[in-house]
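Residue-level listing of the chains:
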Amino acid sequence: MYPLPVETVEERQAPPVDLGELALWMALAGSTAGDLATTFRGLEAGHPEANPVMRPFAKAGRVPLALAAGAGAVLSAVLSRQLRKRHKSAWWVPLVANTVAHTAATLANRRRMR
């Protein structure tokens, strides 16, 4: 058996954080949370889910709906990462598109509940 090399803390440093990408992640998380919160309030008030893709999940309850919304965010993240690995300049488009969609849904939900 060969001894395994011992790593020092300096050798295991994480890569630098891209603040632009982090900001997009935070925006996506916030817009998804806003969409879910206003959707839950609307469903409790008796309003139907307007998105036909999410409607079956909304009928199944809060947890399936939240998991479906989270899955959409994960898919955006995976696509964005794949684009970034290939050095594509449009790596940010999936994150921004999903953020815009959730923000629009949040605003639409708030308008319906007035």
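Bear in mind that the values here come from a model prediction, so they are computed numbers and not experimental data.

J.: Kindly report on the overall build of the chain, identifying the contributing residues and their values.
T.: Helices and strands together make up the secondary structure of the chain, namely 4 helices and 0 strands. What you see in the chain, going N to C, is helices and strands ordered as α-α-α-α. Looking at the chain residue by residue over its 114 residues, the buried ones come to 25%. For the chain, the proportion of contacts with a sequence separation of at least 24, taken over those separated by at least 6, is 62%. Summing over all exposed atoms, the chain offers an accessible surface of approximately 8,300 Å²; the carbon and sulfur share of this is 67%.

J.: Can you tell me about unusual backbone geometry, naming the residues and giving the values?
T.: Phi at H87 is positive, roughly 60°, even though this residue is not glycine. As for its position among the elements, H87 is in the loop between helix 3 (62–85) and helix 4 (93–112). Given a relative accessible area of 72%, H87 falls into the exposed group.

J.: Lay out the packing of helix 1 (residues 19–44) against helix 3 with the relevant residues and their values.
T.: Contact geometry of helix 1 with helix 3 gives a least axis separation of 11 Å together with a crossing angle of 160°. As far as their axial angle goes, helix 3 and helix 1 are roughly antiparallel. With respect to the hand of their crossing, helix 1 and helix 3 are arranged in right-handed fashion. Of the residues in helix 3, those touching helix 1 at E21, W25, L28, T32, L36, T39, F40, L43 and E44 are R62, L65, A66, A69, A73, A77, R81 and R84. Here the residues of the contact of helix 1 with helix 3 are counted per class, giving 10 nonpolar, 2 polar and 5 charged.

J.: How would you explain the packing of aromatic side chains if you had to name every residue and give the values?
T.: For the structure on display, the rule yields 0 aromatic pairs. Over the ring of F40 we find R62, and its NZ or CZ is 4.4 Å from the ring centre. In this structure, R84 packs its charged tip against the face of W91, placed 4.1 Å from the ring centre.

Conventions adopted
- Residues numbered from 1 in each chain as written.
- Predicted model: local features only at pLDDT ≥ 70, side-chain atom pairs only at ≥ 80, totals over all residues.
- Heavy atoms only, no water.
- Helix = DSSP H or I, 4+ residues; strand = E, 2+ residues; numbered from the N terminus.
- Buried < 20%, exposed > 50% of the residue type's maximum accessible area, 1.4 Å probe, protein only.
- Contact = heavy atoms within 4.5 Å.
- Areas by Shrake-Rupley, 256 points an atom, 1.4 Å probe, with all protein chains shown as cover.
- Axes fitted to C-alpha atoms, helices over the stretch in contact; angles between N-to-C directions.
- Parallel < 35°, antiparallel > 145°, perpendicular 65-115°, else oblique.
- Left-handed = near helix turned anticlockwise from the far one by under 90°.
- Nonpolar A, V, L, I, M, F, W, Y, C, P; charged D, E, K, R; others polar.
- Phe/Tyr/Trp six-rings, centres within 6.5 Å; stacked < 30°, edge-to-face > 60°.
- Lys NZ or Arg CZ within 6 Å of the ring centre and 35° of its normal.

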